[in-house]
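Here is how the chains run, residue by residue.
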Amino acid sequence: MTVEVDKQEEKTKRTVLKIGGMHCAGCVSSIQKSVSDVPGVNKVEVNLATEKATLEFDQTKVKLDSIEKAIEEIGYKVVYEKLTLKLGGVSDSTDAERIEQKLHRVDGIKFSSVNYGSSQVNIEYNSALLSLADIRKKITDLGYEILSEDLGVSTQDIEARKLKHLFIIGIAFTVPVMLLSYPEVFKFLPAAGTNIAAYGMFVFASVVQFVTGSRFYTGAFRIAKMRSANMDTLVVLGTTAAYVFSTFNTFPVPNWHGMYYDAASVVITFIILGKWMELKTKGKTSSIIRKMLELQPKTARIRKENGEETEIAVELIQPGDILVVRPGEKIPVDSSVVLGASAVDESMITGESVPVTKKVGDNAIGGTINREGMILVKATKVGSDSFLSQVVKLVEEAMGKKPVLQKLVDKVAGYFAYAVMIVALSTFLVWYLVIAHGVASAAIIPAVAVLVVACPCALGLATPTAIMVGMSKGASNGVIFRGGEAMELLNKISVAIFDKTGTLTQGKPQVTDVIEIKKLAMVVPAINSDKNNIATLALAAIAEKGSEHPLAKSIVAHAQNQGMKIDDATYFEAVAGLGVIATYNDLRLKVGSPTFMQNKNIDISSSNKIIDKLQEEGKTAVIVSVDNTALGVIGLLDTPKHGAKEAISILKSMKIEPVMLTGDNEKTARKIAQMVGIERIFANVLPSGKVEVVRKIQGESKKVAMIGDGINDAPALTAADVGIAIGSGTDIAIEAGKVILVRDDIRDVVTAIEIAKKTVGKIKQNLTYAFMYNAILIPVAAMGFLYPALAGIAMAASSVSVTMSSLTMKRWTPKKKNN
């Protein structure tokens, strides 16, 4: 079964492509339909705001080139960035060929060419899959030095330049059209109101129509081949109708009452301006992610074994290298402090404004700033394994996933252009037949205004821009959302279930009591005298030595602190959530909860009073038995985390019911719950039973968030509507969570919910605006109250304003972060 799954994983490839030429939700639908029709493609999601397509396809049925071809056949372009590097150490043509071959195998590099004569490497790469740092590391790992690098202009910059040039051409030729269109106002102009002026308007308007407006014709033709329609279709239909009608009334003898060149020219010019502004504002929505990528310094100071310090490129750092970080410098890579102490500013990654104290043994995140003393750190994770790279990767992957709301809006937007064309045709017919009584010049203007004022772009951008800013805001506050759907679901939760140990509590229980019930000699009469000094704690530590449970680790640590030497058991078995069974020097040891002992038919009646007393104090009682006789009781206390009570209080104020779930006994659970302010608890729950508790609460018609950090929590995290994994927990728990908290701070649960609610609220606000804009202005245009030129300005402004609305979230800070 596992082999079959592995083979399936090998066959299925997941990748991301950056696509150029998208304008609105109609483009999204067209690309998704075209790519979905390619045999072997299992899944495709296209995001308008990021201009990326996230793909899953069967490599045995289709190659990536075929998918790219399908995208290009419908008129869009798969975008690859260009990079030129000068290398040192390329000694001959064999070196050049070796580099080429290695780079060709890198996922994300489309093309690479190495010139031995100039030691120059030309690379085309997919920026959605590879960063510059990744490419640098690939080359330095091969043993070559990068002497210089020349970045090709990014595709976004190229597109912005094109739009800017088109706008300049448009405004240069639209101004004369406007001046000549109103001879009664601009009487002082030469030839005002004459035939020459009319012919001049035709020439100027033609330049705007077919040069500045060329991209709209290209887009409309492209979408028409797909038997679909989009914003380009509406603009082309509206402006071409106005232009053709005006041309008809210009030749051979101008009819000034039938010329609307100004309407067509102004519409095209201002929509181009709107597209340029939209591109600029869209670029700002993901700026926080770009800033995170820029956090890592370019160089680092490495200390060799002889004490000598050398400055090297960050890409050359290897795990285990000792790095010197002075006050004010950035920590180059994920590291562990080996000498010194300092305060480190982690605000860009965790959102925590107060610097965090770091001492020997503490971990430090690459890219964070050392504020105080000089420290020596040992590199632990570098390159794509680093915390920063993982965060950026998670966020970028999440941005490629569409929430349900966006899928619905994209579907609606797909039919939007057809609906607008029907409204425009109806408007023309009503005006021509009823209102204007056969006067075409009076009927065409409101019809053109309807086509121009309608804005599917605002609908298409409302959700993805808000999601991008929301995820960026989350990343800068130590919260990673695995997709827009996680935000949608988190916004709806009414119950938050917390695992106790390690989530609500410190997860590092301390041994407070070791109580002997019987002497070892009484339990094992034939015991040798040299074994008399083996006490309850020592035997418990020997039995628990092989366990990963927090209680076991605490018992072992306490025994070591007492100076005890802990031998290995000859046999060990862990019983999940209950205890352990071990054998040592022919002694059969069992260490675990009272329930565990009862299940094993071990009489613990003599210790019931001790157990009750410990549990009433909020302590966990662990029984130690030898040869099926209770030997003693160990009491452990795990205190609530700092901020747990505050987080629970805020959740209650948000009308979210907190619930505690634990495998511990009810008395201890009740005491901890009382400390943090939780009323509803589920105690004595085995790991396998956590999922049942989640489903039970879901059965009460409630949306549930499960918060946990351990391996035992993973199934429950997956079963919940939203799984929130504490970042300090295991990789399995993090993989299972739809939301990941970077820091081990329970208050970040509140931050995550606040960001989710703010983002979903912003999406709804944007969509309301987009729908209201169209619902109000389309009828206004149909009634003849909106001249096409003004309609064009309104249409251009609408998509920009939606994006700007999303950007206002950048200035917002979660309430908890303000405290």
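Residues numbered from 1 in each chain as written. Predicted model: local features only at pLDDT ≥ 70, side-chain atom pairs only at ≥ 80, totals over all residues. Heavy atoms only, no water.

Asks: How would you explain the overall build of the protein chain if you had to name every residue and give the values?
Replies: Looking only at helices and strands, one finds 31 helices and 30 strands in the protein chain. Principal-axis analysis of the C-alpha atoms places the extent of the protein chain at approximately 125 × 70 × 55 Å. Expressed as a percentage of the 819 residues in the protein chain, the buried residues total 53%. Considering only intrachain contacts with a sequence separation of at least 6, the fraction spanning at least 24 residues in the protein chain is 69%. Accessible area of the protein chain: about 35,800 Å², with a carbon and sulfur share of 56%. Here the protein chain holds 93 positive side-chain charges and 83 negative ones, and the gap between their average locations is 5 Å. (Helix = DSSP H or I, 4+ residues; strand = E, 2+ residues; numbered from the N terminus. Buried < 20%, exposed > 50% of the residue type's maximum accessible area, 1.4 Å probe, protein only. Contact = heavy atoms within 4.5 Å. Areas by Shrake-Rupley, 256 points an atom, 1.4 Å probe, with all protein chains shown as cover. Lys, Arg positive; Asp, Glu negative; His and termini not counted. Charge placed at Lys NZ, Arg CZ, Asp CG, Glu CD.)

Asks: Hey, could you go over the packing of aromatic side chains for me, with residue numbers and the actual values?
Replies: Taken as a whole, this structure holds twelve aromatic pairs when the rule is applied. Measuring from centroid to centroid gives 5.4 Å for Tyr199 and Phe251, while their planes differ by 10°, and the two rings are stacked. Pair noted here: Tyr199 is in helix 7 (residues 195–212) and Phe251 is in the loop between helix 9 (231–248) and helix 10 (261–285), with a separation of 52 residues, a long-range link. Note on Phe202 and Tyr261: the rings are 6.4 Å apart at their centroids and 65° apart in plane angle, and the pair reads as edge-to-face. Residue Phe202 is located in helix 7, and its partner Tyr261 is located in helix 10; the two are separated by 59 residues in the primary sequence. Overall, the relative accessible area of 0% leaves Tyr261 in the buried class. Ring pairing ties together the aromatic residues Tyr199, Phe202, Phe210, Tyr217, Tyr243, Phe251 and Tyr261, which thus form one cluster. (Phe/Tyr/Trp six-rings, centres within 6.5 Å; stacked < 30°, edge-to-face > 60°.)

Asks: Account for the packing of helix 7 against helix 9, naming residues and giving values.
Replies: Relative orientation of the contacting elements helix 7 and helix 9 amounts to 160°, with a least axis distance of 11 Å. On the basis of their axis angle, the class for helix 7 and helix 9 is roughly antiparallel. Helix-helix and strand crossings are classified by hand; for helix 7 and helix 9 the assignment is left-handed. Taking contact as the criterion, the partners of Phe202, Ala205, Ser206, Gln209 and Phe210 in helix 7 are, on helix 9, Thr239, Thr240, Tyr243 and Thr247. In the contact of helix 7 with helix 9, the residues fall into four nonpolar, five polar and no charged. (Axes fitted to C-alpha atoms, helices over the stretch in contact; angles between N-to-C directions. Parallel < 35°, antiparallel > 145°, perpendicular 65-115°, else oblique. Left-handed = near helix turned anticlockwise from the far one by under 90°. Nonpolar A, V, L, I, M, F, W, Y, C, P; charged D, E, K, R; others polar.)

Asks: Help me get a handle on the sheet that holds strand 3 (residues 52–58), residues and values and all.
Replies: The antiparallel open sheet is built from four strands, whose spatial order is 2-3-1-4. Of all strands in the sheet, those with a lone pairing partner are strand 2 (41–47) and strand 4 (77–78), marking the two edges. Examined bridge by bridge, strand 2 and strand 3 share six bridges and lie antiparallel to one another. Within the sheet, the bridge partner assigned to Val46 lies in strand 3 and is Ala53. (Pairing = 2+ DSSP bridges.)

Asks: Pulling in residues and values, what's your account of the nonpolar core?
Replies: As a rule of thumb, soluble globular proteins bury nonpolar side chains together. Counting residues in each nonpolar core, the largest one holds 129 residues, and the members touching the most others are Phe481, Leu490 and Val739. Top contributing element to this core by residue count: helix 29 (residues 748–782), with 13 residues. Excluding anything up to four places from it in sequence, Leu490 contacts Phe481, Ala705, Val722, Ile724, Val739, Ala752, Ile753 and Ala756. Membership of the second largest hydrophobic core comes to 24 residues, among which are Val511, Leu537, Val624 and Leu636. (Core = buried A, V, L, I, M, F, W, Y, C linked by side-chain atoms within 4.5 Å.)

Asks: Describe in detail helix 7, supporting the description with residues and values.
Replies: With 18 residues, helix 7 extends 25 Å between its outermost C-alpha atoms, agreeing within 8% with the 26 Å of an ideal straight helix rising 1.5 Å per residue. Within the sequence span of helix 7, burial applies to Ala197, Ala198, Gly200, Met201, Ala205, Ser206, Val208, Gln209 and Thr212. (Expected span 1.5 Å × (residues − 1).)

Asks: Any chance you could break down the packing of helix 17 (residues 484–492) against helix 29 for me, citing the residues and the numbers?
Replies: At a minimum axis separation of 8 Å, helix 17 and helix 29 run at an interaxial angle of 105°. Overall, the two elements helix 17 and helix 29 adopt an arrangement that is roughly perpendicular. Only Ala752, Ile753, Ala756, Lys757, Thr759, Val760 and Lys764 of helix 29 make contact with helix 17, whose side of the interface consists of Met487, Glu488, Leu490 and Asn491. Of the residues belonging to the contact of helix 17 with helix 29, the class tally is six nonpolar, two polar and three charged.

Asks: I'd love a proper account of the environment of Val354, names of residues and values included.
Replies: Tracing the backbone shows Val354 in the loop between helix 12 (347–350) and strand 14 (356–358). Under the relative-accessibility criterion, Val354 is labelled exposed at 53%. The sequence separation of Val354 and Ala343 amounts to eleven residues, and the corresponding C-alpha distance is 9.0 Å.

Asks: Describe the confidence of the model for the protein chain, with residues and values.
Replies: Confidence in the prediction of the protein chain, expressed as mean pLDDT, is 83, and 91% of residues score 70 or more. Segment residues 526–533 is flagged for pLDDT under 50; beyond a separation of four residues in sequence, or across chains, it makes six contacts in the model. (pLDDT = per-residue confidence, 0-100.)

Asks: Which residues make up the pattern of salt bridges, and what are the values?
Replies: This structure, assessed with the given rule, holds 32 salt bridges. Among the ionic pairs, Arg301 bridges to Glu329, the shortest N-O distance being 3.3 Å. Of the two residues, Arg301 is situated in strand 9 (residues 299–303) and Glu329 in the loop between strand 11 (322–325) and strand 12 (334–339); the sequence distance between them amounts to 28 residues. For Glu329, a relative accessible area of 25% puts it in the partly exposed group. For Glu700, the salt bridge goes to Lys702, with nearest N and O atoms at 3.3 Å. When its relative accessible area of 32% is taken as the criterion, Glu700 is described as partly exposed. Linked by salt bridges that have partners in common, Glu646, Arg743, Asp745, Arg747 and Asp748 make up one network. (Salt bridge = Lys/Arg side-chain N within 4 Å of Asp/Glu carboxyl O.)

Asks: Before we move on, can you summarise unusual backbone geometry with the specific residues and values?
Replies: The amide bond that connects Phe251 to the next residue, Pro252, takes the cis arrangement and shows omega of -5°. Inspection of the secondary structure assignment puts Pro252 in the loop between helix 9 and helix 10. A positive phi angle, near 65°, is found at Ala191, a position not held by glycine. Following the sequence through the fold, Ala191 ends up in the loop between helix 6 (155–181) and helix 7. In this structure, Asn628 takes a positive phi of about 65° despite not being glycine.

Asks: Explain the sheet that holds strand 10 (residues 309–313) to me, and be specific about the residues and the numbers.
Replies: Read from one edge of the open sheet, six strands run 10-9-11-17-12-15, paired in antiparallel fashion. Across the chains shown, the open sheet's two edge strands, defined by having one partner strand only, are strand 10 and strand 15 (363–364).

Asks: Describe a positive patch on the surface, listing the residues and the values that go with them.
Replies: A surface patch of like charges, here positive, comprises Lys492, Lys703, Lys757 and Lys764. Along the chain, the position of Lys764 falls in helix 29. With relative accessibility at 47%, the residue Lys764 sits in the partly exposed group. (Patch = residues over 30% accessible without salt bridge, like charges linked within 9 Å, V, L, I, M, F, W, Y side chains within 5 Å.)

Asks: How would you explain the side chain of Ser112 if you had to name every residue and give the values?
Replies: With respect to the helices and strands, the residue Ser112 is situated in strand 6 (residues 109–115). The exposure class of Ser112 is buried, given its relative accessible area of 3%.

Asks: Which residues make up a nonpolar patch on the surface, and what values do they have?
Replies: On the surface, a nonpolar cluster with roughly 550 Å² of combined accessible area is contributed by Leu425, Leu429, Val430, Leu433, Val434 and Ile435. The residue Leu429 is located in helix 14 (residues 404–435) in this model. When its relative accessible area of 38% is taken as the criterion, Leu429 is described as partly exposed.

Asks: I'd like a rundown of the pairing of strand 29 (residues 722–726), residues and numbers included.
Replies: In terms of burial, strand 29 is largely enclosed, as five of its five residues are buried. Bridge analysis of strand 28 (residues 704–708) against strand 29 gives four bridges, and the strand direction is parallel. Following the sheet pairing, Ile707 is matched in strand 29 by Ile724. Two strands pair when backbone bridges link them, and strand 29 and strand 30 (residues 739–741) are joined in this way by three bridges, in the parallel orientation. When the sheet's bridge partners are listed, Ile724 is paired in strand 30 with Val739.

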